[in-house]
Protein chains: 2
Amino acid sequence: MSEARRREANAETLRRLNAADPVLVDVRPAGEVVPGLEPGTVLTSGAPLPWREYRGGQRNSLIYGAVYEGLAADEAEAAAGFESGRIRIGACHDHGCVGSVAGIYTASMPVFVVENRAFGNRGFCNFYEGESRRRLNYGVYDDEVRDALDFLRDVAGPVIGDAVRASGGIALKPMISRALHMGDECHSRNTAATLLFGRALAPHLLDLQSRHGERVKEMLAFLQQSDYFFLRLSMAAAKSTADGAHGVEGSSVMTAMTINCNDFSIRVGGLGDEWFRGPPAQADVKLFEGFTDDDVEWIGGESHITETVGLGGFAQAAAFPLQAYQGGSPEVMIENNLAMYDITVGENSDYRIPYFGYRGTPTGVDVFRVAETGTLPVIDAGLAGRNGVGQIGAGTLRAPLLCFQAARDAYRERYGL
Amino acid sequence: MSEARRREANAETLRRLNAADPVLVDVRPAGEVVPGLEPGTVLTSGAPLPWREYRGGQRNSLIYGAVYEGLAADEAEAAAGFESGRIRIGACHDHGCVGSVAGIYTASMPVFVVENRAFGNRGFCNFYEGESRRRLNYGVYDDEVRDALDFLRDVAGPVIGDAVRASGGIALKPMISRALHMGDECHSRNTAATLLFGRALAPHLLDLQSRHGERVKEMLAFLQQSDYFFLRLSMAAAKSTADGAHGVEGSSVMTAMTINCNDFSIRVGGLGDEWFRGPPAQADVKLFEGFTDDDVEWIGGESHITETVGLGGFAQAAAFPLQAYQGGSPEVMIENNLAMYDITVGENSDYRIPYFGYRGTPTGVDVFRVAETGTLPVIDAGLAGRNGVGQIGAGTLRAPLLCFQAARDAYRERYGL
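Calculation criteria
Residues numbered from 1 in each chain as written. Chains lettered and ligands numbered in written order. Predicted model: local features only at pLDDT ≥ 70, side-chain atom pairs only at ≥ 80, totals over all residues. Heavy atoms only, no water. Domains from an automatic or database assignment. Buried area = accessible area lost by both parts, 1.4 Å probe. Salt bridge = Lys/Arg side-chain N within 4 Å of Asp/Glu carboxyl O. Polar contact = N/O pair within 3.5 Å; in protein donor to acceptor, adjacent residues only side chain to side chain. Helix = DSSP H or I, 4+ residues; strand = E, 2+ residues; numbered from the N terminus. Contact = heavy atoms within 4.5 Å. Pairing = 2+ DSSP bridges. Least-squares fit on C-alpha atoms with pLDDT ≥ 70 in both. Expected span 1.5 Å × (residues − 1). Buried < 20%, exposed > 50% of the residue type's maximum accessible area, 1.4 Å probe, protein only.

Looking now at the domain arrangement of chain A. All names here are of chain A. According to the domain assignment, chain A contains domain 1 (20–233) and domain 2 (250–415). Of the roughly 3,400 Å² buried at the junction of domain 1 and domain 2 (both faces included), carbon and sulfur atoms supply 56%. Looking at the side of domain 1 facing domain 2, the largest losses of area belong to His93, Tyr138 and His187, adding up to 19% of the total buried there. Where domain 1 touches domain 2, the interface holds 2 salt bridges. With its nearest N and O atoms 3.2 Å apart, the salt bridge here joins Lys173 to Asp350. Scanning the region where domain 1 abuts domain 2 turns up 22 residue pairs in polar contact (both at pLDDT 80 or more). Elements with a contribution of two residues or more to the side of domain 1 that touches domain 2: α3 (56–68) and α6 (172–179).

Each partner contributes residues to the interface: chain A has 31 residues there, and chain B has 31 residues. Between chain A and chain B lies a buried interface of about 2,800 Å² when both sides are counted; carbon and sulfur atoms form 61% of it. Per-residue buried area on chain A facing chain B is highest for A:Leu195, A:Arg199 and A:Leu206; these three make up 23% of the total on that side. Connecting chain A to chain B are 6 salt bridges. For B:Asp227, the salt bridge identified is with A:Arg178, shortest N-O distance 2.5 Å.

With that out of the way, let us pick up the pairing of strand β12 (residues 344–353) of chain A. Here 5 bridges tie β12(A) to strand β13 (residues 359–365) of chain A, and the two strands are oriented antiparallel to one another. Across the sheet, A:Ile353 pairs through a bridge with A:Arg359, a residue of β13(A).

It is worth spelling out the relation of the copies chain A and chain B at this point. Note on the identical chains: chain A maps onto chain B by a rotation of 180° and an axial translation of 0.0 Å, with an RMSD of 0.0 Å. Here the transformation between the copies is reduced to the relation of a two-fold axis. Taking C-alpha positions as the reference, the residue of chain A nearest the rotation axis is A:Met182, at 2.1 Å. The share of interface residues of chain A whose copies in chain B are also at the interface is 100%, consistent with both copies meeting through the same surface.

A separate point is helix α3 (residues 56–68) of chain B. Residues and elements named next belong to chain B. Helix length check: α3, at 13 residues, gives a terminal C-alpha distance of 18 Å against a target of 18 Å (1.5 Å per residue), a fit within 8%. Of all 13 residues in α3, 10 are buried, a share of seventy percent or more. Every buried residue of α3 is listed here: Gly57, Gln58, Ser61, Leu62, Ile63, Tyr64, Gly65, Ala66, Val67 and Tyr68. Those residues of α3 that are buried lie in contact with β2 (41–44), α4 (75–84), β3 (88–91), α5 (143–167) and β11 (296–297). Positive phi appears at Gly70, one or two residues downstream of α3, with a value of about 80°.

Below, the discussion takes up the side chain of B:Ser251. Residues and elements named next belong to chain B. Along the chain, the position of Ser251 falls in the loop between α9 (231–245) and β7 (254–259). Polar side-chain contacts of Ser251 include one of 2.8 Å to the side chain of Thr13. Excluding residues that lie within four positions of it along the chain, Ser251 makes contacts with Ala9, Asn10, Thr13, Val268, Gly269, Gly270 and Tyr411.

Residues and elements named next belong to chain B. Mapped onto the elements of the fold, Leu397 is located in strand β15 (residues 391–398). For Leu397, a relative accessible area of 3% translates into the label buried. The sequence separation of Leu397 and Gln282 amounts to 115 residues, and the corresponding C-alpha distance is 5.5 Å. Once you skip the residues sitting within four places of it in the chain, Leu397 turns out to touch Ile259, Ala281, Gln282, Ala283, Trp298, Pro377, Val378, Ile379, Ala381 and Leu383.

Encoded structure:
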């Protein structure tokens, strides 16, 4: 493999990232549509680990997921079920899914079905649980959390599903492109995208009143309180985009990042499904009142699939309002964003930043460039607290250098470059 | 009047601008709610002129308004009616209204009724006509324009009116504040604000289906195609805000700007209802394909009531996407916006700019500072073309220095300072 061939492969990866056409085509219970998600399986974020290595909030989340799904009567029975293999664990990414924080999927949960119409592959994501800091994906489970999940299964999923099917499919790329002109970067800020999605649903909701009655108003009320609702659509769009660009022989472009309770890992377009693991990310955080850095716990996370396709931290200069949520200043956000052009293979053809004169976002991280420059991908992220307190803040993460060095070494070994 | 007393009066004007609480409380035919708008009256933008001095597109617009309202059978009869005084002309500002471009109001047109709950006064604005470049407010009248106006009267007005009344009132300040964090400056860009307004209406629209049937979907379809819909709400909110701050003895803060076919004029808080007139604004324009600077015609305009209260050009750095519509660059928009702090008496307490670290927008133009520094208020604006071609572009205007010098001289004469 020559340097020129690597460049060609990377250009092809970028072409596929840019050509992607993610369209929301359906909402269904995960068990009906997610490949390989059996009723007795719980999915979670991160490169897969043996059961015994899941600890703290992520271990709890898996147990809570099993209890919520009725796979175990209580937490002890769930733990025993995982231990014996009666309840199976899957890694979200291996099933076309991406998990937000702990990223728990069970068969009954509704998921967005996003089809990448340019390449025919699908990406999935389950639903935002609402504005409470206490959510299953942040490692919390109680009556409030269970009721919220039931609402998604019984009201939000069916109503939105009918609206989406009636629409004939909702193209997500134009929505994301537009949201970038309205203060979103579609990872940690999704306010405009959520409004645009609500607008696309609205005419269908009027039609659905006769079938769903009060459930339409309940769903609408939920959507109107949920400024982060669109994140799960952004994630599913990004997953289907990144998967559509994965597998180009000779590509050194990163196609996924993932976090579990133990490590941060990346995947590379030309290196198959191997995860290149490193230590946890460095975090620069803004915490809610009453919490300190010591309260932060890594319990998983895959929402940075958005950064993988040129959104999130790679579009910070489109989203100055983020400073109120995750800290930082406009100056630092601009600097962060500009630095990403040094480690990417090109610019996005659809996702553009008004402040940069509509320059396309930096897209397609080349693991060689990261390893050479030491410039680390910047990621916008929500942060979970220890001991089941839920979300305790937000901030920016830096992917660890070791992952990129390991990926580069593997690339050299495989391709002899 | 001492310099200290003038500063106090200006501070009180700013306090009132900031304390304003504009709430959309109703939608009604103008003839039912606008003070002094008799069935035989047509309102138009600008400081009032004798009939014979209205020329070009503004003259035509008055005639078209009279024909639309059925005050005359045809254009010749309308012109004769104005000439004889049978059809009367009013200046929008004198009736609590503000006009977009030509700003034609007739009695049957629906208007937003916005109440400034902090001071009890009301502001009105009629409706956005839609995305066509051919609109009555841009000096055009044909079957398409008439149908659009009929739609507003028969569908949009009644449906939105019922929704607003059911809501108990929709507070506009929080909506405008939020839109400034989403790429709007609420004069030439209203995309986010329109979405936020649509979101506020949505639950009520579900309830109105049984009463209004298909009209609800028709109204929704119109709203979804109209990214500028909110402008008229922004204008009514700004008018009620500015009027609530007008009339402070000793204030040298500008409380209105207006344009007619002949001149640009301003009003000042401590100088009663007198208009201080100057030549037309300087314009820096971006025109639609096929038009040149020579095609621009002044046919009226009062939407810069938004700049008067700290929006529009005074919030350009909140709305970098505007560069695509009206030209300029982010750098120039930042520079323009920062310059406005030099001629204003303070900062807005609610309207804030993320790029400036959430600094309040420059608010309350002091005519003394403009006259002394020569820094002219910057205004975002749509531009009309000659010969009834409709909108031909957009750009930034600069209010003429002469108005501010004339106002300062009048202030000195009245207050001896």
